[in-house]
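Close look at the chain arrangement
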Amino acid sequence: MLSALSTASVPRAGGEITQVNRVGVRMYLDIGPGGEPASDFSIGEVRPARSPEGEPSMTVQVTNTGGRAIDLTGAVLLSDGPAGSRAGPFPVGQGVTLAPGASGQVIARFPTTLPNGPWKAEVNLESGLVKRSITAQVTFPDAGQVGKRGSVVSRIFSGWTVAAAVVGLLLVVGLAMLARRSDRSGRPPTGLPRERTPAGR
């Protein structure tokens, strides 16, 4: 759709030419069904590493499972380290944008003096109102090496995932109750006296 706005100069005596200025603005309207696509993402592999200079880092794999591009921010908190120590939270690298269906990595960097561990790493990422968290057990390697993939301890799902799980559970419970009622209605009534048959028949 094209919307136009025009202005004209005031006519003057003597037959001078009237100037007309017009500006057009093109607008695209979406009249299809439904609203905006939902945003969502999942956190995958967590892998610790240490640079040749001794700087520890952790790479987190992320997949955009929603219908819109996402800009990721977040932090990593370390706990249950040597002698019960804690560290952080440490921010993840900024500027990570993923298109729908795309996968990428965010990286958190830690002080060089950080012990190898083992540590419990709590990864908290967000994009707008969507937040996802994962906790993994990790051990940082020696300088210049990449460590083993962190073992997942727990996950916190997004609101969309939790809502879908609740709806699915309610649907299953509802179908089970409906099936039980159908079974009861098909059974003959109990507790009623039986009809007697006359003798000789």
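This structure is a prediction, so every number in the text was calculated from the model and none was measured.

**With respect to the overall build of the protein**
Regarding its fold elements, the protein presents 1 helix and 12 strands. The linear arrangement of helices and strands in the protein, starting from the amino end, is β-β-β-β-β-β-β-β-β-β-β-β-α. Taken across its 201 residues, the protein has 25% of its residues classed as buried. Carbon and sulfur atoms form 56% of the exposed surface of the protein, whose accessible area is close to 14300 Å².

**Observations regarding the sheet that holds strand β4 (residues 56-64)**
Strand order in the open sheet made by the 4 strands is β8-β4-β3-β11, with antiparallel pairing throughout. Among the strands making up the open sheet, the edge pair consists of β8 (103-109) and β11 (145-146). Here 2 bridges tie strand β3 (residues 41-50) to β11, and the two strands are oriented antiparallel to one another. Following the sheet pairing, Ala 49 is matched in β11 by Val 146.

**As for the packing of aromatic side chains**
Scanning the entire structure with this criterion turns up 2 aromatic pairs. With a centroid separation of 5.0 Å and an interplanar angle of 85°, the aromatic rings of Phe 90 and Phe 110 are classed as edge-to-face. Taken as a pair, Phe 90 in strand β6 (residues 87-91) and Phe 110 in the loop between β8 and β9 (119-127) lie far apart in primary sequence, 20 residues in all. You'll find Phe 90 and Phe 110 in the same group, each marked buried. When the ring of Phe 110 is compared with that of Phe 140, the centres are 5.4 Å apart and the planes differ by 70°; the resulting orientation is edge-to-face. Taken together, the residues Phe 110 in the loop between β8 and β9 and Phe 140 in the loop between β10 (130-138) and β11 connect sequence positions 30 residues apart. For the residue pair Phe 110 and Phe 140, the accessibility class agrees, reading buried in each case. Aromatic ring contacts, followed pair by pair, group Phe 90, Phe 110 and Phe 140 into a single cluster.

**A few points about the environment of Thr 97**
Within the secondary structure, Thr 97 is located in strand β7 (residues 96-98). Separated by 28 residues in sequence, Thr 97 and Ala 69 place their C-alpha atoms 6.9 Å apart. Those residues in contact with Thr 97 that lie beyond four places of it in its chain are Ile 70 and Asp 71. A distance of 2.4 Å separates a polar atom in the side chain of Thr 97 from a polar atom in the side chain of Asp 71.

**A short note on the pattern of salt bridges**
Scanning the entire structure with this criterion turns up 4 salt bridges. Arg 132 is paired through a salt bridge with Asp 40; the nearest N and O atoms lie 3.6 Å apart. Of this pair, Arg 132 sits in strand β10 while Asp 40 is found in the loop between β2 (20-26) and β3, placing the two residues 92 residues apart along the sequence. The salt bridge partner of Glu 45 is Arg 149, with a shortest N-O separation of 3.9 Å. Note that Glu 45 is positioned in strand β3 and Arg 149 in the loop between β11 and β12 (151-156), a separation of 104 residues in sequence. When its relative accessible area of 56% is taken as the criterion, Arg 149 is described as exposed. One connected set of salt bridges, linked through shared partners, spans Glu 45, Arg 47 and Arg 149.

**Some words on the confidence of the model for the protein**
When pLDDT is averaged across the protein, the result is 79; 62% of the residues are at 70 or more. Model confidence for the protein, summarised as mean pLDDT per element, is weakest for strand β1 (residues 2-8) at 57 and strongest for β4 at 95. Taken as a whole, residues 157-165 scores under 50 in pLDDT and shows 11 contacts with residues more than four places along the chain or in a different chain.

Conventions used here
Residues numbered from 1 in each chain as written. Predicted model: local features only at pLDDT ≥ 70, side-chain atom pairs only at ≥ 80, totals over all residues. Heavy atoms only, no water. Helix = DSSP H or I, 4+ residues; strand = E, 2+ residues; numbered from the N terminus. Buried < 20%, exposed > 50% of the residue type's maximum accessible area, 1.4 Å probe, protein only. Areas by Shrake-Rupley, 256 points an atom, 1.4 Å probe, with all protein chains shown as cover. Pairing = 2+ DSSP bridges. Phe/Tyr/Trp six-rings, centres within 6.5 Å; stacked < 30°, edge-to-face > 60°. Contact = heavy atoms within 4.5 Å. Polar contact = N/O pair within 3.5 Å; in protein donor to acceptor, adjacent residues only side chain to side chain. Salt bridge = Lys/Arg side-chain N within 4 Å of Asp/Glu carboxyl O. pLDDT = per-residue confidence, 0-100.

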